[in-house]
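The lines below spell out each chain.
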Amino acid sequence: MKFKINSKYKPAGDQPQAIEKLVKGLKSGQKFQTLLGVTGSGKTFTMANVIEKVQKPTLVIAPNKTLAAQLAQEFRTFFPKNAVEYFVSYYDYYQPEAYIASSDTYIEKESQINEEIDRLRHATTAALLSREDVIIVASVSCIYGLGSPEYYRDIALEIEIGQKISREKMMQELIEMQYLRTDVLGRAKFRVTGETIEIMSPAREIVTRIELQDGKVKKIFEYDFLTGSELGKLERVMIFPAKHFVVPEPIMKEAQNEIEKDLEKQVAHLQKTGKLLEAERLSRRTRQDIEMMREIGYCNGIENYSRYLTGRNPGEAPDTLIDYFPSNFLMIVDESHVTIPQIGGMFNGDFSRKKSLVENGFRLPSAFDNRPLKFEEFEKKIDQMIFTSATPADYERKNSTQTVEQIIRPTGLIDPEIVVKSAKGQVKDVMGEIEKVIKKGERVLVTTLTKKMAEDLSEFLAENKIKAEYLHSSVDTLDRIRILENLRRGEFDVLVGVNLLREGLDLPEVSLV
């Protein structure tokens, strides 16, 4: 299916000329371009029109989860019949594994995975490997190791009507893909009743029911997990693995042998340098991981062995979400003056933490290769890129062969008036201004210096019968999206937060900041 915009609006203001210039630049093979657009000029709609005209799978990178969620929602509105997916870190809480040598303190990895975001990540990779009309909106999580797209695709199970396959063979294939057999269906689980196998993929809350007869596939259909209503019959279905780190069995055995060889070398090195405790610790921990991989094909922290499992050489770039795209794809970096420095800074922090773990016998040196991309590795994966920003930084200006300006807004609105007031009596003053705006049916953003101030001020406003909520980085990812949607719907009138103006949020109902 081709990208097709569904919108009652047409490009206006500076949008038509910006679209034309950017499309011409892409078609002439320009690698880097910048869309320099003022706030409120409709850069997202411009990008949607560019995607429609060039018809390329597109990765949009945003500087934070909140902005990524809003962009994904906007693109879904523009492209209702195409695949628009959301890819961010799936941790609600994450304490990375670390060792502090000065106090001899080992901090075990602790994490809490958000099941809904994990489902969206699986939906992302499934869409990329099964269709071409795909837009992925991601945070910088897209430059972290994800598992080999080749293994992920090769181990996937394709089932079609009339195919010869026994019940036992299908069950074995599902278990190898890390699905769990159960009597109560859930994500990444399957249920067997006689000659009927029901599978719920990790990407959708839809159950695929496969009926076998005499060793052949007789019927395939899907039904909604929650309502049980049938969604339709299928001629064929592709079932993708339950985890992104999946490896065919022969490669898993080879990887275990390689891990044991490197373990012997590292233990010998530690013993030679007098680190006997560290050598014993490394041997015990690694052998336990190997045993888990041998028995169930998986272990906690398996990502630290990703180099062996994907056949990479030491120091070689990891497979990331970017590798799931075809070679000819478009990358858009939103708010590039913030996002590009983020991408550039991810590697160094990761390396310094792991150096202590390796030197003190908690991990093999292969842990260094479970990492985000270095910036130069990220650059090599770029086919064509468009930066979007109101204030492009040095990197964008230096590399872009064309900078397209988008100054005139489609609405014709000019920049808002800025009023500077004394800090004396500011809370009382802002309450008066809020009441004027609420009477007109509009919304207000209030920015504060700290999270605590945001929470206290929103509570104070609520006590004074002003409907207010707060928003900051401690609020769960999906709750942030809900809060912004409720503000736009008018369920409350005032949003108090930290750095709200740096988020790049699209909130047309807001008339006072």
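Relevant structure appears above.
What this report covers is the structure whose coordinates are included nearby. (Residues numbered from 1 in each chain as written. Predicted model: local features only at pLDDT ≥ 70, side-chain atom pairs only at ≥ 80, totals over all residues. Heavy atoms only, no water.)

Brief notes about the environment of Met252
Next up, step 1: Structurally, the position occupied by Met252 is in helix α7 (residues 249-272).
Next up, step 2: Classification of Met252 by relative accessible area gives buried; the value is 8%.
Next up, step 3: Considering only alpha carbons, one finds Met252 and Leu180, 72 residues apart in sequence, at a separation of 19 Å.
Next up, step 4: In this structure Met252 touches Val247, Met293, Gly297 and Leu309, once residues within four positions along its chain are discounted. (Helix = DSSP H or I, 4+ residues; strand = E, 2+ residues; numbered from the N terminus. Buried < 20%, exposed > 50% of the residue type's maximum accessible area, 1.4 Å probe, protein only. Contact = heavy atoms within 4.5 Å.)

Some remarks on the sheet that holds strand β17 (residues 330-334)
Next up, step 1: Read across the sheet, seven strands follow the order β3-β8-β2-β17-β18-β1-β19 without closing on themselves; strand pairing throughout is parallel. Either end of the sheet is taken by a strand with one partner, and the two such strands are β3 (83-87) and β19 (402-406). Going from strand to strand, the sheet's axes swing by 20° on average, the running direction of each strand aside.
Next up, step 2: Sheet analysis places β17 next to strand β18 (residues 384-389), joined by five bridges and oriented parallel. Following the sheet pairing, Asp334 is matched in β18 by Thr388. (Pairing = 2+ DSSP bridges. Axes fitted to C-alpha atoms, helices over the stretch in contact; angles between N-to-C directions.)

Some thoughts on the packing of helix α13 (residues 426-439) against helix α14 (residues 451-463)
Next up, step 1: In the contact formed by α13 and α14, the axes pass within 12 Å of each other and the chain directions differ by 60°. It follows from the interaxial angle that α13 and α14 lie oblique. Here α13 and α14 pass one another in a crossing that is right-handed. Residues Val427, Met431 and Ile434 of α13 form the contact with α14, whose own contacting residues are Leu457, Phe460 and Leu461.
Next up, step 2: Looking at the contact of α13 with α14 residue by residue, the classes come out as six nonpolar, no polar and no charged. (Parallel < 35°, antiparallel > 145°, perpendicular 65-115°, else oblique. Left-handed = near helix turned anticlockwise from the far one by under 90°. Nonpolar A, V, L, I, M, F, W, Y, C, P; charged D, E, K, R; others polar.)

A look at the side chain of Thr339
Next up, step 1: The topology assignment puts Thr339 in helix α10 (residues 336-359).
Next up, step 2: For Thr339, the contacting residues outside a window of four places in its chain are Ile61, Ala62, Pro63, Val140, Val333 and Asp334.

Looking at α14
Next up, step 1: Between its terminal C-alpha atoms α14 stretches 19 Å, which fits the 18 Å expected from 13 residues at 1.5 Å a residue.
Next up, step 2: Listing the buried residues of α14 in full gives Ala454, Leu457, Ser458 and Leu461. Down the axis of α14, the smallest arc covering the buried residues is 100°, so these residues share one side. Seen from the open side of α14, the exposed residues pointing more than 90 degrees away from its buried face are Lys452 and Glu463.
Next up, step 3: Contact partners of the buried residues in α14: α13, β20 (443-448), β21 (468-471) and β22 (494-498).
Next up, step 4: Directly beyond the C-terminal end of α14, a positive phi value near 65° is found at Lys465. (Expected span 1.5 Å × (residues − 1). Arc of directions from axis to C-beta.)

Let's talk about helix α15 (residues 477-489)
Next up, step 1: Between its first and last C-alpha atoms α15 spans 19 Å; for 13 residues at 1.5 Å apiece the expected length is 18 Å, and the two agree.
Next up, step 2: Those residues of α15 that sit buried are Thr477, Arg480, Ile481, Ile483, Leu484, Asn486 and Leu487.
Next up, step 3: Count one or two residues on from α15 and you reach Gly490, which has phi positive near 90°.

Points about the pattern of salt bridges
Next up, step 1: Enumeration over the complete set of coordinates arrives at 35 salt bridges.
Next up, step 2: Across the salt bridge formed by Asp456 and Lys452, the nearest N and O atoms sit 3.0 Å from each other. Of this pair, Asp456 and Lys452 both sit in helix α14, four residues apart, which is roughly one turn of that helix.
Next up, step 3: Note on Asp456: relative accessible area 37%, which makes it partly exposed.
Next up, step 4: Taking the relative accessible area as the measure of exposure, Lys452 reaches 52% and is therefore exposed.
Next up, step 5: Across the salt bridge formed by Arg489 and Glu485, the nearest N and O atoms sit 4.0 Å from each other. (Salt bridge = Lys/Arg side-chain N within 4 Å of Asp/Glu carboxyl O.)

A word on the side chain of Asn304
Next up, step 1: With respect to the helices and strands, Asn304 occurs in the loop between α8 (276-296) and α9 (306-309).
Next up, step 2: Classification of Asn304 as buried rests on a relative accessible area of 7%.
Next up, step 3: Dropping the residues within four chain positions of it, Asn304 is found in contact with Glu97, Lys354, Arg363, Ser366, Ala367 and Asn370.

A look at the nonpolar core
Next up, step 1: Grouped together as the largest cluster of nonpolar side chains are 57 residues, with contacts concentrated most on Leu59, Leu174, Leu321 and Phe378.
Next up, step 2: The dominant element in this core, judged by the number of residues it contributes, is helix α4 (residues 115-130), at four residues.
Next up, step 3: With sequence-adjacent residues up to four places away left out, Leu321 is seen in contact with Leu59, Phe87, Thr124, Thr125, Leu128, Ile136, Ala138, Cys142, Tyr144 and Leu146.
Next up, step 4: Among the nonpolar cores identified, the runner-up in size contains 36 residues, and Phe3, Met47, Ala48 and Val84 belong to it. (Core = buried A, V, L, I, M, F, W, Y, C linked by side-chain atoms within 4.5 Å.)

Considerations on the pairing of β18
Next up, step 1: Within β18, six of the six residues are buried, which leaves it mostly tucked inside the rest of the structure.
Next up, step 2: In β18, alternate side chains face the same way, and those of Gln384, Ile386 and Thr388 on one face and Met385, Phe387 and Ser389 on the other are all buried.
Next up, step 3: Bridging between strand β1 (residues 32-37) and β18 involves five bridges; their strand directions are parallel. Note on β18: the bridge partner recorded for Phe32 is Met385.

Digging into the environment of Leu35
Next up, step 1: With respect to the helices and strands, Leu35 occurs in strand β1.
Next up, step 2: Leu35 sits 67 residues away from Ser102 along the chain, and the two C-alpha atoms are 49 Å apart.
Next up, step 3: With near-sequence residues (within four places) excluded, Leu35 lies in contact with Ala18, Leu22, Lys43, Thr46, Met47, Ile386, Phe387, Thr388, Ser389, Val404 and Gln406.

As for the packing of helix α2 (residues 43-54) against helix α3 (residues 65-78)
Next up, step 1: α3 packs onto α2 with a crossing angle of 50° between their chain directions and a minimal axis gap of 11 Å. Taken together, α2 and α3 sit at an angle that is classed as oblique. Once α2 is placed against α3, the crossing between them reads as right-handed. Listed contacts from α3 to Thr44, Phe45, Met47, Ala48 and Ile51 of α2 are Leu71, Glu74, Phe75 and Phe78.
Next up, step 2: Of the residues in the contact of α2 with α3, the class split is seven nonpolar, one polar and one charged.

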